[in-house]
Amino acid sequence: MIDMLVNLCELPDSAQLNESLKYKGITLRRANAYERHIVSGWVGEHFSPKWVSEVKVAFSRQPVTCFIATRDKEILGFACIETTAKGFYGPTGVSEKARGTGIGKALLFRCMEALKESGYVYGVIGGVGPREFYEKAIGATEIPNSDPGVYRDILPG
């Protein structure tokens with residue numbers, strides 16, 4: 001799977017998307033350190049054990065580099081930055097029942113904005129699955145010769 005590059009100086013405005021989520025009662029925020037067990041448990045229930053490992057890395061950062069989407073104190077989605085490598089986005093996931101609400105796109109924008117706030121000019125989306133989504137949503141472009149990139153020689157399990 002290829003990696004993609006995002007020009008953080010050319011990020012589209014996310015205000016309208018964020019307002020849309022607010023209208024739906026969805027809160028998008030940085031996770032708090034004391035929520036590590038809750039968020040990592042949720043990720044383990046809905047996604048992969050490897051993603052749980054990455055989420056735990058995000059919670060070891062200061063500030064925490066994991067963002068969550070919630071409604072009525074229920075987690076609907078998450079996204080992390082700087083877990084696998086500096087300047088990297090991911091993993092990210094949205095619960096099946098919340099897909100199509102804009103949460104994934106909003107988490108992507110929030111993470112890229114956080115990378116920009118940290119001083120990066122470019123963000124990397126590692127091991128991309130839905131390439132077209134990232135191209136359309138944020139103008140990401142393929143990084144040539146990036147497969148397998150940082151995800152080479154992965155241990156099974």
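Notes on the structure in this doc start here.

Describing the overall build of the protein
- If you tally the helices and strands in the protein, you get 5 helices and 7 strands.
- Going from the N terminus to the C terminus, the protein shows its helices and strands as β-α-β-α-α-β-β-β-α-β-α-β.
- For the protein, whose C-alpha radius of gyration is 15 Å, the value lies close to the compact-globule estimate of 15 Å for 157 residues.
- Classification of the 157 residues of the protein by burial places 43% in the buried group.
- Long-range contacts, defined here as pairs at least 24 residues apart, represent 72% of the contacts in the protein between residues at least 6 apart.
- Surface summary for the protein: the accessible area is close to 8,700 Å², and the carbon and sulfur share equals 52%.
- Of the charged side chains in the protein, 19 are positive and 18 negative; the average position of the first set lies 5 Å away from that of the second.

Remarks on unusual backbone geometry
- With an omega of 0°, the peptide bond between Q62 and P63 qualifies as cis.
- Mapping P63 onto the fold places it in the loop between α3 (49-60) and β3 (66-71).
- Cis geometry is adopted by the peptide bond preceding P91, which originates at G90 and carries an omega value of 5°.
- For N145, which is not a glycine, the phi torsion comes out positive at approximately 55°.
- Mapped onto the fold, N145 is located in the segment after β7 (141-142).
- Classification of N145 as exposed rests on a relative accessible area of 81%.
- Residues other than glycine seldom take positive phi values, yet D153 does so here, at roughly 55°.
- Assignment of secondary structure puts D153 in the segment after β7.
- Accessibility expressed as a relative area gives 74% for D153, which makes it exposed.

Overview of the nonpolar core
- Ranked by size, the top nonpolar core spans 30 residues in total, and within it Y89, I103, L108, M112, I125 and Y134 carry the most contacts.
- Those elements that place two or more of their residues in this core are β1 (4-7), α1 (15-23), β3, β4 (74-81), β5 (88-94), α4 (103-117) and α5 (131-138).
- Per-element accounting of this core gives the leading share, 9 residues, to α4.
- In this structure I103 touches L21, I26, A69, L76, G77, V94 and A98, once residues within four positions along its chain are discounted.
- Within the second largest apolar cluster, 14 residues are counted, among which are W42, V43, A58 and I68.

A look at the pattern of salt bridges
- By the definition in use, this model includes 5 salt bridges.
- Across the pair R29 and E35 runs a salt bridge whose closest N-O atoms are separated by 2.7 Å.
- Judged by relative accessible area, E35 falls into the buried class, the value being 13%.
- Put simply, R131 and E142 hold a salt bridge, and the shortest N to O gap is 3.1 Å. You can see R131 sitting in helix α5 and its partner E142 sitting in strand β7, a full 11 residues away along the chain.
- For R131, a relative accessible area of 31% puts it in the partly exposed group.

Structural notes on the sheet that holds β7
- With respect to topology, 7 strands assemble into an open sheet ordered β2-β3-β4-β5-β6-β1-β7, the strand pairing being mixed. Each edge of the open sheet carries a strand with a single partner, namely β2 (27-30) and β7.
- The pairing of β4 with β5 spans 4 bridges and is classified as antiparallel. Each bridged residue has a counterpart across the sheet, and for I81 the counterpart in β5 is Y89.
- Relative to the sheet, α3 contacts β3, β4 and β5, its axis offset from that of β5 by approximately 120°.
- Lying on the sheet, α4 is in contact with β1, β2, β3, β4, β5 and β6 (122-125); it crosses β4 at an angle near 35°.

Thresholds applied
Along each chain, residue indices are assigned from 1 in the same order as the chain's sequence is written. It should be noted that, the model being predicted, local features are given only for residues of pLDDT at least 70 and side-chain atom pairs only at 80 or more, the latter also being counted only at that level, while totals for whole chains, interfaces and linings use all residues. Each side-chain value is worked out from all heavy atoms of the structure, with water and hydrogens disregarded. A run of DSSP states H or I qualifies as a helix once it reaches four residues; a run of E qualifies as a strand once it reaches two. Both are numbered from the N-terminal end. For this measure, only C-alpha atoms enter the radius of gyration; the expected value for a globule follows 2.2 Å times N^0.38, where N is the number of residues. Burial classes: relative accessible area under 20% of the type maximum marks a residue as buried, over 50% as exposed, and values in between as partly exposed (1.4 Å probe, protein chains only). By definition, residues are in contact when any of their heavy atoms lie within 4.5 Å. Residue-level accessible areas treat just the shown protein chains as cover; the underlying method is Shrake-Rupley with a 1.4 Å probe. Positive charges come from Lys and Arg alone, negative charges from Asp and Glu alone, with His and the N- and C-terminal ends not counted. Where a charge sits is defined by one atom per residue type, namely NZ (Lys), CZ (Arg), CG (Asp) or CD (Glu). Residue types Ala, Val, Leu, Ile, Met, Phe, Trp, Tyr and Cys, when buried and joined through side-chain atoms within 4.5 Å, form a set referred to as a nonpolar core. Salt bridges are identified by distance alone: a Lys or Arg side-chain nitrogen within 4 Å of an Asp or Glu carboxyl oxygen. The criterion for strand pairing is that DSSP finds at least two bridges linking the strands in question. Interaxial angles span 0 to 180 degrees and are taken between N-to-C directions of axes, which are lines fitted to C-alpha atoms, for helices over the stretch in contact.

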